[in-house]
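Notes for the structure review
Below are the chains, spelled out letter by letter.
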Amino acid sequence: MNARAEVSKVIFPFHGGVHPPEHKDESSQTPIAAMPVPRQLVVPLHQSIGNIAKALVAVGDTVLKGQMIAEADGTVSAAVHAPTSGRVVAVGPTLVPHPSGLPEHCVTIESDGEDRWIERNRFDWRNAEGRIIRDYLRDMGVVGLGGAVFPSHLKIGGARDGLDTLVINAAECEPYITCDDLLMRERAAQVVEGIKIVQHLLQARQVLVGIEDNKPQAAQAMREALKNAAINFPADVVVVPTLYPSGGAKQLIKLLTNIEVPSGVRSTDLGVQCFNVATIYTIYRALEHAEPVISRVVTITGNVQRPGNVDALIGTPIADLLAFAGDKPGSQAYIYGGPMMGFELPGTSLGLSKAGNCIIAKNGALFPEKPVEMPCIRCGKCADACPAELQPMDLYWFGKSKNFGKAQERNLFDCIECGACAYVCPSNIQLVDYFRFSKSEIWAAEKAKKAADQARERHEFRQFREEREKREKAERAAAKAAARTEASGGNVAEAADAERAAKIKAAMERAAAKKVEAAAAQTASDSVTPIDPDAVSVPMGQAAIAPTSNEAPQAVESAAPALDPEKAERIRAAMEKRAAEKAAAEAMSPEEKAAKEAEKKAKIAAAMERAAAKKAGQAAQQQPGE
Amino acid sequence: MLLAFVLALGIMAALALLLGAVLGWAAIRYKVDEDPLVDKIDAILPQTQCGQCGFPGCKPYATAIAGDEADINRCPPGGEDGIRKLADLLGKEFKPLNAENGEEKPKSLAVVDEAVCIGCTLCVQACPVDAIVGAAKHVHTVVSSECTGCELCVAPCPVDCIDIVPVGETVTSWKWRYPVIPLTPVKVAA
Amino acid sequence: MLKVAAALIPGIATYTYFFGVGVLVQIGLATVAALATEAFCLRLRNYPIKPFVTDGSAIVTAWLMALSFPPLAPWWMITLAAIMSIALAKHMYGGLGQNTFNPAMVGFAIMIVSFPAQMSHWAAPLGLAPQSLDAAAQLQWIFTGHLPAGLNFDAVASATPLDTVKTQLMQHTNMLTILHEKLFGGIGGIGTEWITAAYLLGGLYLLQQKLIPWIVPVTFLAVLGGMAGIFWLVDPQHYTSPLFHWFSGAAMLGAFFIVTDPVTSPTTPLGRMIFAGLIGLLTYLIRVFGGYPDGVAFAVLILNLAAPFIDQYTQPSVFGHKNRKKAGAKA
Ligand code: SF4
Ligand code: SF4
Ligand code: SF4
Ligand code: SF4
Ligand code: SF4
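Only a predicted model underlies this, so the values are computations on that prediction, with no experimental measurement involved. (Residues numbered from 1 in each chain as written. Chains lettered and ligands numbered in written order. Predicted model: local features only at pLDDT ≥ 70, side-chain atom pairs only at ≥ 80, totals over all residues. Heavy atoms only, no water.)

To continue, consider the UniProt feature "binding site: [4Fe-4S] cluster 1" (unreviewed entry) in chain B. All names here are of chain B. The feature "binding site: [4Fe-4S] cluster 1" (unreviewed entry), as given by UniProt, occupies Cys50, Cys53, Cys58 and Cys75 in the numbering adopted here. Across 26 residues of sequence, these annotated residues stay compact in space, with a maximum C-alpha separation of 9.1 Å. Mapped onto the elements of the fold, Cys53 is located in the loop between α2 (37-44) and α3 (58-66). The contacts of Cys53, once residues within four sequence positions are left out, are Tyr61, Arg74 and Asn101. For Cys75, the location among the structural elements is in the loop between α3 and α4 (79-90). (UniProt positions renumbered as here; feature names shortened; annotations may be inferred. Helix = DSSP H or I, 4+ residues; strand = E, 2+ residues; numbered from the N terminus. Contact = heavy atoms within 4.5 Å.)

A few words on the site of ligand 1. Taken together, 13 residues lie near ligand 1, and A:Cys376, A:Cys379, A:Gly380, A:Cys382 and A:Cys425 sit nearest. Residue classes in the shell around ligand 1 are distributed as nine nonpolar, two polar and two charged. (Near = heavy atom within 4 Å. Nonpolar A, V, L, I, M, F, W, Y, C, P; charged D, E, K, R; others polar.)

On the side of chain A, 33 residues touch chain C, which itself brings 29 residues to the contact. Here chain C and chain A share an interface that buries about 2,500 Å² over both sides, 53% of which is from carbon and sulfur atoms. Scanning the region where chain C abuts chain A turns up one salt bridge. When the shortest N-O distance is used, the salt bridge between A:Arg378 and C:Asp311 registers 2.9 Å. Where chain C packs against chain A, one counts eight residue pairs in polar contact (both at pLDDT 80 or more). Elements represented by at least two residues in the side of chain C that touches chain A include exactly α3 (50-53), α16 (296-313) and α17 (324-330) of chain C. Top element by residues in the side of chain C that touches chain A is α17(C). It accounts for four residues. (Buried area = accessible area lost by both parts, 1.4 Å probe. Salt bridge = Lys/Arg side-chain N within 4 Å of Asp/Glu carboxyl O. Polar contact = N/O pair within 3.5 Å; in protein donor to acceptor, adjacent residues only side chain to side chain.)

Our next topic: the environment of A:Gln199. All names here are of chain A. With respect to the helices and strands, Gln199 occurs in helix α3 (residues 179-202). Along the sequence, Gln199 and Asn309 sit 110 residues apart, while their C-alpha atoms lie 28 Å from each other. The contact partners of Gln199, leaving out residues within four places of it in the chain, are Leu166, Ala204, Val207 and Phe233.

Around ligand 5, a shell composed of 13 residues is seen, among which B:Cys117, B:Cys120, B:Thr121, B:Cys123 and B:Cys157 lie nearest. Split into classes, the residues belonging to the shell around ligand 5 amount to ten nonpolar, three polar and no charged.

Across a sheet, paired strands are connected by hydrogen bonds in the backbone, their directions being either parallel or antiparallel. Pairing within the open sheet is antiparallel, and its three strands lie in the order β3-β5-β6 (chain A). The two strands at the open ends of the sheet, each matched to only one other strand, are β3 (54-55) and β6 (80-81) of chain A. (Pairing = 2+ DSSP bridges.)

What follows covers the pattern of salt bridges. For side chains bearing opposite charge, pairing can occur when the charged atoms are close. Residues and elements named next belong to chain A. Per the counting criterion, the structure on display carries 40 salt bridges over all chains. Here Arg456 makes a salt bridge to Asp453, at a shortest N to O gap of 3.0 Å. Here Arg456 and its partner Asp453 are both found in helix α12 (residues 431-488), three residues apart, which amounts to about one turn of the helix. Assessed through its relative accessible area of 16%, Arg456 is described here as buried. (Buried < 20%, exposed > 50% of the residue type's maximum accessible area, 1.4 Å probe, protein only.)

Turning to unusual backbone geometry, a few remarks are in order. All names here are of chain A. A cis geometry characterises the amide bond from Tyr244 onward to Pro245, with omega recorded as 0°. Along the polypeptide, Pro245 turns up in the loop between β11 (235-240) and α5 (249-257). Backbone geometry places Tyr176, a non-glycine residue, at a positive phi of 75°. For Tyr176, the position within the fold is in the loop between β9 (163-169) and α3.

So, about the state of the cysteines. Residues and elements named next belong to chain B. Taken as a whole and judged by the stated rule, the model has zero disulfides over all chains. For the unlinked cysteine Cys161, the closest cysteine sulfur is that of Cys157, found at 3.6 Å. Given a relative accessible area of 5%, Cys161 falls into the buried group. (Disulfide = S-S within 2.5 Å.)

Structure (structure tokens):
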């Protein structure tokens, strides 16, 4: 019980950082309020980094509180649950809290007001294997609640021989946000239970809780809770100076352990792992109470009558939250997240997501309009402020001139988009916007490159395969000929050769004829003429993979050497046909278009009938054999 | 006087030889194995394999460009961006896309209307990247992650059940926009 | 930028006290010309005028240049220099933030190369010349090139201390003899030493306001002083002391106001140090061994050219990319 050793309390400052006005007192004075269940909830399904969860419910289904409504798709994904009981009224693209303002898959639930839980069974995690626990957490939808929504199950495990330090991120360095502060003040004991669980799962040798020094009450509460809890590992609260962005995972790890985690390296490999305090709380609720993540504490502040923290269900429409806090007139926009890293919401009808730690109603008094952006004067203030020790003015320059390769060379991807640089820039340059722009351009280019490489590879493989098939057929034919030669003496071979040559020639002629026919048929079908079944059946006859007659395989076999030029021909024909089609479409009057539509339908119907007939015929053919 | 002249000449000659040797050594020592031009050109082409350039695929077009047999402005899927890159690589003038080859279109995908498909496999044979799967007489479908949107499968389909749909922007594929700079030239009131 | 201008005021006041209203006239002319050119160029380039004209950068350029000019230079010279520095050195390179060279130094350098004679028309500081010019006479001289009857320019003019040291040394005069001339005060030249001290004061204000990185003036002065110190210790007969170098010419003005210009200097901490150090070195070499009495302007321009390269090769290691030991030491 009192095996707690002293832990190091030295702080290792990171480079740079800024200290904007905190604005925390507005929302930290009142206890966390419970938000009543709203009438309707819009639950986004993409609530974690990685794949969007796959919906398990359809419109009209009734769901119970805590019921899984979408399952994780793959490893990097997390499940989503119904926040309350009710009926699913919509499944599909709806506006979500994302800077793009684009719709994404959501499940809209109309609550029945009963808030009835699904049956829950406590999970015996102490006796479960690591893999099972990870799957359980994934199915409970546990993700990082600090804003990055990284699936938590991916962070548990991995360190085989235990972890040196488990860092609990309770710094909450962004101005205005107080949800973690209040959570620790009011639910410190449960947070500590969560710490115990995660410490156990990770076999961490020490636990450090980093809290900024502007939250003495939270630090005190956590200290007491740690003291009161029966813990058998060294753990302590480390109070760090208030300096944005000390709550960045990398910055906090550096502050507490002096370990710098470069981009692209997992902190686990360096012996540290960092969890947000709210995530720890949900892990506790999930493992000990079988409660999936269906609610979170969110700060509502800024231009509202009663700024404070609300325990709200995931999916609660932002408008309801604002109404609950007393929306005041004069708000120009609503910021989702903090003023440094958050973004303006594209609307207020969308539902709260797991990432939503704060909503700030923005008005002119709190957020005066930024003066115009001036040219960079290379003053270096941004570099002084950058916690990643980058040279933001150079990255800005490269981003602005779309010289992304250079930007990447200068470690653009080490930028944590904290916004400290833009905050200090005397020229009011929105540096982070340029970095986000550059990053997404680079990602898109990489994706395109990958797709092109894949296409090239597949195309080359296809050509190789065609080549091979051709060769194999030629070999088979040669073998056959050789066999025949052996059987019937030398001079027959010549005859066989001649015969084969003749056959090939015939086949080629046939193919050519067919092509002409096909071209004719195509032109026929392109022009507005009554439907001609033959026009359809000719290209179908060409189908080599669906041989119906005896003759077809032969034709293919012998025509094989002509395949490549033929393919080129086909492509050209396809192009011509498309051009002709386009021209025809352009020349067509609406009536003609309608006629063509009808014709197309008729053609389809005919083809289907024919297909059905053929199938029947085949079935009939097969029956006698049986 | 003459001696000085000869001496100067000698020194110059020796220097020239020495520097030449250094340069020659460096050229061998630091020789970069260059990709053949065709591969470099092929790397720029979008690999849609649509044949709109008049060649049966990107690689043949790349070969033709490398052999100076084709112009650089014949690939509609690559668009102006691609032409610009080709122009840069080859040190040629940029030209607008040749309208005869088609026009630049947003990235698209083929989608088979599975209610209509009769399973004739014609599209499978047309697809340059094997992006269509399906056995004979069964409904076919397009593997969207592999489809390049080349439209070659559209024409052969006897029942016209393949549609080319543009890929819209989604939350995942959304890109941050180029920041708007309010500083851009303002018409100055006189 | 306006704070930078404010930091120049003590220097300007002292300068005016010792050298008369000519100083203010030069500053006024330069300011008007610079602002007019700035507005004109912005107009031509279709940029909004107000934010750029009010940001004070043109004013600072004009003042710095005027302070490097002899107070009795003809009016058209300073005007021409101001126009060139803004139009040529700044807007031709793309305007604010894009210029490679320090505009004030470009203006000054063009003039000293083109009109070396006029650029050395320094009036004697207060109380040194047999006759001194009153305000009216100074104005008359600047604008018309004539002096009131009975006055001879040579009678009121005087070379700068740096110039004097240089020319006298060429005539193989002993340093001690030179320094005994009445032009020289306790450390630098009479007047000059007070003016440079006033610049130092302004510079300290800038440092306190965190408007300039301390590393730049400190390195610059250290290298300049260090070079001077070495030579002086070895041969005091022919070389002047570090103090003399610090408190004469444009050393202080350069250290705090010119070398620190952010646009034309590197941005990395190490790069800035190298930049300032090399300017210090070059300044000393030009002063002592070069053809011009002062070297700050040329040293700055030469290093301006090198700034991008210095930046390129002094990129600091990024968070997480350096070795752990160094990170620990640095913290
Ligand atoms: S703070 Fe702004 S003006 Fe200064 S160097 Fe950085 S980007 Fe340029
Ligand atoms: S946003 Fe990026 S570049 Fe700017 S201060 Fe933060 S980490 Fe540095
Ligand atoms: S037009 Fe089509 S086949 Fe030709 S290079 Fe472009 S993508 Fe490749
Ligand atoms: S599926 Fe159709 S559009 Fe897509 S790559 Fe294959 S042939 Fe081209
Ligand atoms: S060509 Fe059309 S009908 Fe034939 S398999 Fe392909 S999609 Fe189906």
